[in-house]
Amino acid sequence: LLAPLIRRLESVGEWPKERPEYWALRAARNLPLPGGHWDRGLISMFLLNLVRLAPGEGTFQPAGTLHAYLEGANVELMASSDNVLRGGLTPKHVDVAELLRVVRFESGAPPILTGKPVSAVEAVFETPAEEFELSRIVLAGGQSCELPEATGAECLLVLEGAAEVGGGAVTLHLARGQSALVPAGAALTITGTGPSTVVFRARVAPGSR
């Protein structure tokens, strides 16, 4: 099934990124299997929604939703589990029977989350998840914000710029790509030290255990 598909895609030349053909052909070129074969996961490109997220946007994928990250940098947050199933385009084992049992075969486009402002600098990505909550903090150079005592462990990840994180007698300097684990009960001050600083804050959702 894949051989004639790949030949047809190659015969056209270059496809626009807004088409699933572009991503199927790119995967065929970049992820060939031994013996000149292709991964059957290529077919999934024609079954899934193509979603393009701008900086600061997100999407929530409920359990049982087949998905793939195609390009760019993103923050992924999920509940603690050991039941991640592979659907293809990976050298890892694909349990087809279990995948077919778990995947939700329903149509629909995933909503794009832009964040609900909860302060002048912080916006929360609201989801149905009870286990976690993700928010985005944007600070101008020298601007600070105070976070109240954490009700559970939190994680701060600097995605742009740099930040100083201070609590008690401890001050951490975090560059882009660095993160810090905040223990429960700690109150913090975050200060942007670059022209613009973006910090993602992952924590246990308020009200959950």
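Just so it is clear, the structure is predicted and the values come from calculations on it, not from any experiment. The numbers attached to residues start from 1 for each chain and follow its sequence in the written order. Local features in this predicted model are restricted to residues of pLDDT 70 or higher, and side-chain atom pairs are both shown and tallied only at a pLDDT of 80 or more, whereas totals for entire chains, interfaces and linings draw on every residue. Only hydrogens and water are removed before side-chain values are computed, so all heavy atoms of the structure are retained for them.

Participant: Help me understand the packing of aromatic side chains in this model?
Facilitator: Aromatic ring pairs are reported here in terms of the distance separating the ring centres and the angle at which the planes meet. Classification of ring pairs rests on two measures: the distance between centres of Phe, Tyr or Trp rings, Trp counted by its six-membered ring, which must be within 6.5 Å, and the angle between planes, read as stacked under 30 degrees, edge-to-face over 60 and tilted in between. Considering all chains together, one arrives at two aromatic pairs under this definition. Consider the rings of Tyr22 and Trp23, whose centres lie 4.8 Å apart with planes at 85°: the pair is edge-to-face. The buried category is assigned to Tyr22, whose relative accessible area is 18%. You can call Trp23 buried: its relative accessible area is 7%. Between Phe125 and Phe200 the ring centres are 6.4 Å apart and the planes differ by 10°, which places this aromatic pair in the stacked class. Of the two residues, Phe125 sits in strand E4 (residues 122-125) while Phe200 sits in strand E12 (residues 196-203), which places them 75 residues apart along the sequence. The exposure classification of Phe125 matches that of Phe200, with both residues buried. Here the term buried applies to any residue with accessible area under 20% of the maximum for its type, exposed to any over 50%, and partly exposed to those in between, with areas from a 1.4 Å probe on protein chains only. Counting from the N terminus, the helices are the DSSP runs of H or I reaching at least four residues and the strands are the DSSP runs of E reaching at least two.

Participant: How should I be thinking about the environment of Ser135 in this particular structure?
Facilitator: Along the chain, Ser135 falls in strand E5 (residues 133-140). A relative accessible area of 1% places Ser135 in the buried class. The residues contacting Ser135, other than those within four sequence positions of it, are Glu122, Ala123, Val124, Phe125, Val199, Phe200 and Arg201. Side chain to side chain, Ser135 and Glu122 meet in a polar contact 2.6 Å long. Residues count as neighbours in contact if any of their non-hydrogen atoms are within 4.5 Å of one another. Polar contacts, as used here, are pairs of N or O atoms within 3.5 Å; protein pairs need one atom able to donate a hydrogen and one able to accept it. Residues neighboring in sequence count only if both atoms are side-chain atoms.

Participant: When you look at unusual backbone geometry in this model, what are you seeing that I'm missing?
Facilitator: Outside of glycine, negative phi angles account for most residues, and trans bonds account for most peptide bonds. For Leu89, which is not glycine, the phi dihedral falls at a positive 55°. Along the polypeptide, Leu89 turns up in the loop between strand E1 (58-59) and helix H3 (96-102). A residue is classified by how much of its surface remains accessible, and Leu89, at 25% relative accessible area, is partly exposed.

Participant: Just to check I follow, could you spell out the sheet that holds strand E8 (residues 163-167) for this structure?
Facilitator: Sheet strands pair via backbone hydrogen bonds, and the direction of the pair is either parallel or antiparallel. Strands qualify as paired when DSSP identifies two bridges or more between them. An order of E6-E11-E8-E9 is seen for the four strands of this open sheet, with the pairing classed as antiparallel. The open sheet is flanked by strand E6 (144-147) and strand E9 (170-174), the only strands paired with a single partner. The sheet shows a mean angle of 20° between the axes of neighbouring strands, direction not considered. Pairing analysis gives five bridges linking E8 to E9, with the strands arranged antiparallel. Along E9, the bridge assignment pairs Glu164 with His173. Axes here refer to lines fitted to C-alpha atoms; in helices the fit is confined to the stretch in contact. Angles between the N-to-C directions go from 0 to 180 degrees.

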